[in-house]
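Inside the fold
Spelled out, the chains give:
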Amino acid sequence: MRSAGCVFAEQEASLLLAEASTPPELSRNVQRRMEGVPLEHILGWAEFAGGRVVVEPGVFVPRRRTELLVNEALALLADGPQLPPPVVVDLCCGSGAVGAAIMHQVPGVELHAADIEPGAVRCARRNLEPLGGQVHEGDLFAALPPALRGRVGVLAVNAPYVPTEAIRTMPPEARLYEPVGSLDGGPDGLDFHRRVAIGGIQWLSPHGHLLIETSARQAHGTAEILAAAGFAVRTVRSEELDGTVVVGRRVAESVRR
């Protein structure tokens, strides 16, 4: 596995050994990993935010940097009122890892998640429905129940933000085994951020927050997009997690028809 380019070969080998029921299964799984299949797709789960989430083949694998998105959402929820239960939306949810991590820390939250990929929706339901979360299939806000409009306290978004031309430079486990739609953010990577900023402000409660994961290089562009849509904006960076999140707070007078 190390000769095949697996940077954490020893750790990955230990996980494959622990999960395999028979030597032939272990041999198959090692071969698949050497071919570039994501470890999480082989194991059927990923470690994220101190727990495990189910990750099916063909579904976007949650990255450690996205734990910053969770941390910022939890901090906002801790500062807000808990009655009635806060409404949180995990948009472009993939496996539902962000929503699951939030629900483990804030059990009373009303959690809705949405994704356009049927495989991701199926996987997210496995992770979120046992916790009481609801998962919807569709394109961004069109997937959400209309009754949520104006009620969302925290809108957490890990939308695709890889520039189209950069996808070909990504590691094979991403560009070959994850849906292109979960990666491709358009020419500058910010197409979805524009759509979320314009539509999101209508779904937030007064002084609700929109949190968008982005890259350090794109953070200024994401922040400008949110500011132009009427949000009060700040950017959070974690070097430890290599994560960047732009946080937009809805200003009551910024609501547009």
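1. Notes on the sheet that holds strand E9 (residues 243-250)
Taken in spatial order, the seven strands of this open sheet run E5-E4-E3-E6-E7-E9-E8, and their pairing is mixed. Each edge of the open sheet carries a strand with a single partner, namely strand E5 (134-137) and strand E8 (231-238). Across this sheet, the average inter-strand angle for adjacent strands is 20°, counted without regard to direction. Here strand E7 (residues 204-214) pairs with E9 via six bridges, running antiparallel. Bridge pairing in E9 places Ile212 opposite Val246. Here helix H5 (residues 97-105) sits on the sheet and contacts strand E3 (87-91), strand E4 (110-115) and strand E6 (152-157); the angle it forms with E3, its principal contact strand, is near 155°. Packed onto the sheet, helix H6 (residues 118-128) meets E4 and E5 and runs at close to 175° relative to E5.

2. Regarding the packing of aromatic side chains
If you walk through the whole model with that rule in mind, you get one aromatic pair. Note on Phe141 and Trp203: the rings are 6.0 Å apart at their centroids and 15° apart in plane angle, and the pair reads as stacked. Of this pair, Phe141 sits in the loop between E5 and E6 while Trp203 sits in the loop between helix H8 (191-200) and E7, placing them 62 residues apart in sequence. With relative accessibility at 5%, the residue Trp203 sits in the buried group. Of note, Arg52 hangs over the ring of Trp45, and the distance from its end group to the ring centre comes to 3.6 Å.

3. Concerning the pairing of E5
In this sheet, E5 lies alongside E4 in parallel orientation, the contact comprising four bridges. Residue pairing across strands places Asp115 opposite Glu137, the latter belonging to E5. Chirality of the crossover, the property in question, places the unit of E4, H6 and E5 among those that are right-handed.

4. Structural notes on the side chain of Glu213
Here Glu213 is to be found in strand E7. When its relative accessible area of 2% is taken as the criterion, Glu213 is described as buried. Here Thr66 takes part through its side chain, which lies 2.7 Å from a polar atom of the side chain of Glu213.

5. With respect to the packing of helix H4 (residues 67-79) against H5
Running from N to C, H4 and H5 cross one another at 40°; their axes reach a closest spacing of 10 Å. Both H4 and H5 take part in a crossing whose hand is right-handed. Across the interface between the two elements, Leu69, Val70, Ala73, Leu74 and Leu77 from H4 touch Val98, Ala101, Ile102 and Gln105 from H5. The residue inventory of the contact of H4 with H5, partitioned by class, reads eight nonpolar, one polar and no charged.

Cut-offs and rules
- Numbers given to residues run from 1 along each chain, matching the order in which its sequence is written.
- The predicted nature of this model means local features are confined to residues of pLDDT at least 70 and side-chain atom pairs, given and counted, to a pLDDT of 80 or more, with totals for whole chains, interfaces and linings taken over all residues.
- Note that water and hydrogens are dropped before the side-chain values are worked out from all heavy atoms of the structure.
- Pairs of strands are assigned from DSSP output, requiring at least two bridges between the strands.
- Think of it this way: any DSSP run of H or I at least four residues long counts as a helix, any run of E at least two long counts as a strand, and we number them from the N terminus.
- Here the axes come from fitting lines to C-alpha atoms, over the contacting stretch only for helices, and the angles between their N-to-C directions go from 0 to 180 degrees.
- Two residues form a contact once any of their heavy atoms are found within 4.5 Å.
- Only rings of Phe, Tyr and Trp enter the pairing, Trp through its six-membered ring, and a pair is recorded when the two centres are within 6.5 Å. The plane angle decides the type: under 30 degrees is stacked, over 60 is edge-to-face, the rest tilted.
- Only protein chains enter the accessibility calculation, which uses a 1.4 Å probe. A residue is then buried if its area is under 20% of the maximum for its type, exposed if over 50%, and partly exposed in between.
- For a lysine, the NZ atom is tested; for an arginine, the CZ atom; a charge sits over a ring if that atom is within 6 Å of the ring centre and within 35 degrees of the ring normal.
- If you view a crossover with the strands going away from you and the path from the first strand over the helix to the second runs clockwise, you call it right-handed.
- Any N or O atom pair separated by 3.5 Å or less is treated as a polar contact, with the protein-specific requirement of one donor-capable and one acceptor-capable atom, and with residues adjacent in sequence counted only for side-chain atom pairs.
- Two helices that cross are described as forming a left-handed crossing if the nearer one is turned anticlockwise from the farther one by less than a right angle, and a right-handed crossing if clockwise.
- Following the grouping adopted for this structure description, the nonpolar residues are Ala, Val, Leu, Ile, Met, Phe, Trp, Tyr, Cys and Pro, the charged ones are Asp, Glu, Lys and Arg, and the polar ones are all others, Gly among them.

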